[in-house]
Amino acid sequence: MTFAPHTELETLSLATARARVQAGTTTAASLAEQHYERIAAIDAPESSVGLNSYLALTKDRAFAQAEKIDAAAKAGNALGPLAGVPIGIKDVLTMTGAPATAGSKILAGYHPPYDATSVRKLEAAGAVLLGKLNCDEFAMGSSNENSAYGPVKNPRALDRVPGGSSGGSAAAVAAGLCVGSLGTDTGGSIRQPAAFCDVVGVLPTYGRVSRYGLIAFASSLDRVGPFARSVADAATLLEVLAGPDPLDATASEQPVAAYGEELAKPVSGMRIGVPEEYFGEGLDPEIRAAVEKSLDDLRAAGCTVEKVSLPHTRYAVPTYYVIATAEASSNLSRFDGVRFGLRAPESNTLAAMFRNSRDEGFGAEVKRRILLGTYALSAGYYDAYYKKAQQVRRLLAQDFLAAFDKVDALVCPVTPTPAFKLGEKTDDPLKMYLEDIYSVAASLAGICGMSVPCGYTGAQLPIGVQVLARPFNESAMLRVGAAIEAARR
Ligand code: GLN
């Protein structure tokens, strides 16, 4: 499905956009202008298509940056790796000049006074930041239907979800409403929407990209990562984003590889593992076939492919939903009507003000998770739930590390089903949580992963394949992803 105007923006690559700006065959300002025209025409809720991926546009900031880039290009100065490239930001990251809602009513009216490190790094590399992108409330969800600001439509099938929680980030890249975007992934929120929307999404190793300025959901799991239309573009973005940060103690000092150059290395001789637990009951046969086709492509490119076992996989979803909710209940206690956003009027006592603000401000899924998490952390239950979950988390991580002693990367499905219909799973939280069956284990283990488009169902719904690698081995992961992508061209 293509949409006018400026239809060519649907396939514009990051490298091409930057090269044109540097050469002066286009300007950063006109690129931004074209994207804004397209957003007005197909994304705004009242527009013809109404994708609803943007929650706020940051035109002043975008055009000020574009002007700077265009002046530098005109002067013949060497430009940054993202010069003039229009990028969108998931609305859980802070950016001055724009509200930050995290998809929640409780943050309505909150204007953060500082930039997230990832936002600052993109801009320093020359990116033009177009606006803030829709997402599930506090990044809790798999369909973007938990946003207080309405769902996002999947640009490849308008009656279907774009995935979540970074639904706006994936949809905007797929629809040509930005060339790349930032999302966050706590249990699949970059990989799953990338798979549903036919774009590339990267989950960097825990600690690879600073989380400073990210509105926290579950701090031991939250990661910031890029969406793009190709593996090469994603690699460029990751290279800009990665690295230490004095403002985030969990951001690693590990050296950042030249990911773009790493892609040129052949995959021949690489060992690929196929985790048997990821091909069981519930996997859509068309997804299985597409992933197997990618494995054939890797064999043809000279990789060896072998079965591996991740024996604790079946505990991943329950473990994730204990740890993520426990951390969320603690992180979200700061939203009490005092410092940020919404305050319930007409409350007689302080306790009533807290209660009413939280009651009015949080949506149903967020409340459910705060209740679950508070329960798991409460006296008498802590050992049975939270501590046990932490022990299982260690076993899940050990499964992966043992596999990576034998293979360079793992290849498996991202999701058990393709994009489902809007409204199809909203009344059954458990069904929604089971969407995360192939994504949460990598989150718990802290390893890196990505989703790469690998085919379509008979009904033309996109399919993604997941590539996982050892912590800080993004290079191997990206090479395998690039080989899968190349085989389809
Ligand atoms: N779908 C998962 C959840 O609802 C993952 C969300 C995420 O990665 N932010 O928690």
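Going by the structure above, here's the rest.
In this text, all values refer to a predicted model and were calculated from it rather than measured experimentally.

Caption draft 1: Empty space enclosed by the protein, seen in detail. What the rule picks out here adds up to two cavities of 30 Å³ or more. In this structure, the largest cavity spans a volume of roughly 100 Å³. Together, 16 residues line the largest cavity, and Gly141, Ser142, Ser189, Tyr320 and Asp436 are the ones closest to its centre. Of the residues assigned to the lining of the largest cavity, the class counts are five nonpolar, nine polar and two charged. Of the residues contributing to the lining of the second largest cavity, the split by class is four nonpolar, three polar and four charged.

Caption draft 2: Highlighting the nonpolar core. Formed by 150 residues in total, the largest nonpolar core has its most connected members in Leu122, Phe138, Phe400 and Leu478. Every residue in contact with Leu478, bar those within four places of it in the chain, is listed here: Val202, Val231, Ala235, Leu238, Tyr259, Leu263 and Met450. In this structure, Val161, Phe196, Phe420 and Met432 belong to the second largest nonpolar core, which totals five residues.

Caption draft 3: Layout of the pairing of strand β3 (residues 128–133). Buried residues dominate β3, accounting for six of its six residues. Bridge count for strand β1 (residues 54–57) against β3 is three bridges, and the pairing is antiparallel. Counted as the bridge partner of Ala56 is Lys132 from β3. The pairing of strand β2 (residues 86–90) with β3 spans five bridges and is parallel. By the bridge assignment, Pro86 is partnered in β3 with Val128.

Caption draft 4: Spotlight on the side chain of Arg211. As for its position among the elements, Arg211 is in the loop between β5 (200–203) and β6 (223–228). Judged by relative accessible area, which is 16%, Arg211 ranks as buried. Side chain to side chain, Arg211 and Thr250 meet in a polar contact 3.0 Å long. Beyond its immediate sequence surroundings of up to four residues, Arg211 is in contact with Tyr206, Ser219, Asp222, Val224, Asp248 and Thr250.

Caption draft 5: Local environment of the packing of helix α4 (residues 117–124) against helix α7 (residues 231–241). Interhelical geometry of α4 versus α7 gives an angle of 115° and a closest axis separation of 9 Å. The pairing of α4 with α7 is recorded here as roughly perpendicular in orientation. Here the hand of the crossing between α4 and α7 comes out right-handed. Residue-level inspection shows Ser118, Lys121 and Leu122 of α4 in contact with α7, the latter providing Leu237, Val240 and Leu241.

Caption draft 6: Spatial organisation of the sheet that holds β5. Strand order across the open sheet formed by eleven strands is β1-β3-β2-β4-β6-β5-β10-β11-β9-β7-β8, with mixed pairing between neighbours. Either end of the sheet is taken by a strand with one partner, and the two such strands are β1 and β8 (304–308). Adjacent strand axes in the sheet meet at a mean angle of 30°, parallel and antiparallel pairs treated alike. Against the sheet, α7 makes contact with β2, β4 (180–185), β5, β6 and β10 (448–456), and its axis sits at roughly 145° relative to β6, the strand it touches most.

Caption draft 7: View of the packing of α7 against helix α16 (residues 474–487). Put simply, α7 and α16 touch, their axes get as near as 9 Å, and they point 160° apart. On the basis of the axis angle, α7 is roughly antiparallel to α16. Crossing hand, α7 versus α16: right-handed. Between α7, through Val231, Ala235 and Leu238, and α16, the contact on the second element is made entirely by Glu474, Leu478, Gly481, Ala482 and Glu485. Partitioned by chemical class, the residues of the contact of α7 with α16 number five nonpolar, one polar and two charged.

Caption draft 8: Spatial organisation of the pattern of salt bridges. All chains considered together, the criterion is met by 17 salt bridges. Linking Glu435 and Lys425 is a salt bridge whose minimum nitrogen-to-oxygen distance equals 3.3 Å. One end of the pair, Glu435, is in the loop between α14 (429–434) and α15 (440–445); the other, Lys425, is in the loop between β9 (409–413) and α14, with ten residues separating them in the sequence. Of the two residues, Glu435 and Lys425, both sit in the buried class. The shortest N-O distance in the salt bridge between Glu485 and Arg489 comes to 3.8 Å. Overall, Glu485 belongs to the buried group, its relative accessible area being 13%. Using a relative accessible area of 72% as the deciding quantity, one classes Arg489 as exposed.

Caption draft 9: Local environment of helix α2 (residues 28–43). Taking 1.5 Å of rise per residue, the 16 residues of α2 would be expected to cover 22 Å, and the 21 Å separating its terminal C-alpha atoms lies within 8% of that figure. Where α2 is concerned, the buried positions are Ala28, Leu31, Ala32, His35, Tyr36, Arg38, Ile39, Ile42 and Asp43. Buried positions in α2, seen along its axis, are confined to an arc of 160° and lie on one side of it.

Conventions adopted
- Residues numbered from 1 in each chain as written.
- Predicted model: local features only at pLDDT ≥ 70, side-chain atom pairs only at ≥ 80, totals over all residues.
- Heavy atoms only, no water.
- 1 Å grid on protein atoms, 1.4 Å probe; cavity = no way out; pocket = protein on both sides within 12 Å on 5 of 7 lines; lining within 4 Å.
- Points joined across faces, edges and corners; volume = space filled by probe spheres on them.
- Nonpolar A, V, L, I, M, F, W, Y, C, P; charged D, E, K, R; others polar.
- Core = buried A, V, L, I, M, F, W, Y, C linked by side-chain atoms within 4.5 Å.
- Buried < 20%, exposed > 50% of the residue type's maximum accessible area, 1.4 Å probe, protein only.
- Contact = heavy atoms within 4.5 Å.
- Helix = DSSP H or I, 4+ residues; strand = E, 2+ residues; numbered from the N terminus.
- Pairing = 2+ DSSP bridges.
- Polar contact = N/O pair within 3.5 Å; in protein donor to acceptor, adjacent residues only side chain to side chain.
- Axes fitted to C-alpha atoms, helices over the stretch in contact; angles between N-to-C directions.
- Parallel < 35°, antiparallel > 145°, perpendicular 65-115°, else oblique.
- Left-handed = near helix turned anticlockwise from the far one by under 90°.
- Salt bridge = Lys/Arg side-chain N within 4 Å of Asp/Glu carboxyl O.
- Expected span 1.5 Å × (residues − 1).
- Arc of directions from axis to C-beta.

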